Amino acid sequence: MVDLRDVNALAVTLPWLEAETSETSAIMGEDFWKYGASENRLEIEALTRYLHEQGLVDRKVEIEELFHASTFDIAKV
């Protein structure tokens, strides 16, 4: 995330990177690339709910069934 805000040496070759990063942060918060199962719980639960509602799976799968228990304790890098 720090590299995305460094305008001295762009991390990617997008000339509007700084403006896009600022706009994305304003909409989605500072940590818009959340890492880890716990940090993404709401999104994963929504996905499993949609899968069930649309008949793609026969039951709503719980997040604990999808990931090994150790993945819930991963520290941020």
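Keep in mind it's a predicted model, so treat the numbers as computed, not measured.

Engineer: Which parts of the structure should I look at to understand the overall build of the protein chain?
Structural biologist: A tally of helices and strands in the protein chain yields four helices and zero strands. Starting at the N terminus, the α and β elements of the protein chain follow one another as α-α-α-α. Per-residue burial for the protein chain yields a buried fraction of 19% across its 77 residues. Contacts spanning at least 24 positions in sequence make up 31% of the contacts within the protein chain whose residues lie at least 6 apart. For the protein chain, the exposed area adds up to about 6,100 Å²; of that, 60% sits on carbon and sulfur atoms.

Engineer: I would appreciate a short explanation of the environment of Leu-42 in the present structure.
Structural biologist: Among the structural elements, Leu-42 can be located in helix α3 (residues 41–53). For Leu-42, a relative accessible area of 66% gives the class exposed. The sequence separation of Leu-42 and Ile-63 amounts to 21 residues, and the corresponding C-alpha distance is 9.7 Å.

The rules we used
- Residues numbered from 1 in each chain as written.
- Predicted model: local features only at pLDDT ≥ 70, side-chain atom pairs only at ≥ 80, totals over all residues.
- Heavy atoms only, no water.
- Helix = DSSP H or I, 4+ residues; strand = E, 2+ residues; numbered from the N terminus.
- Buried < 20%, exposed > 50% of the residue type's maximum accessible area, 1.4 Å probe, protein only.
- Contact = heavy atoms within 4.5 Å.
- Areas by Shrake-Rupley, 256 points an atom, 1.4 Å probe, with all protein chains shown as cover.

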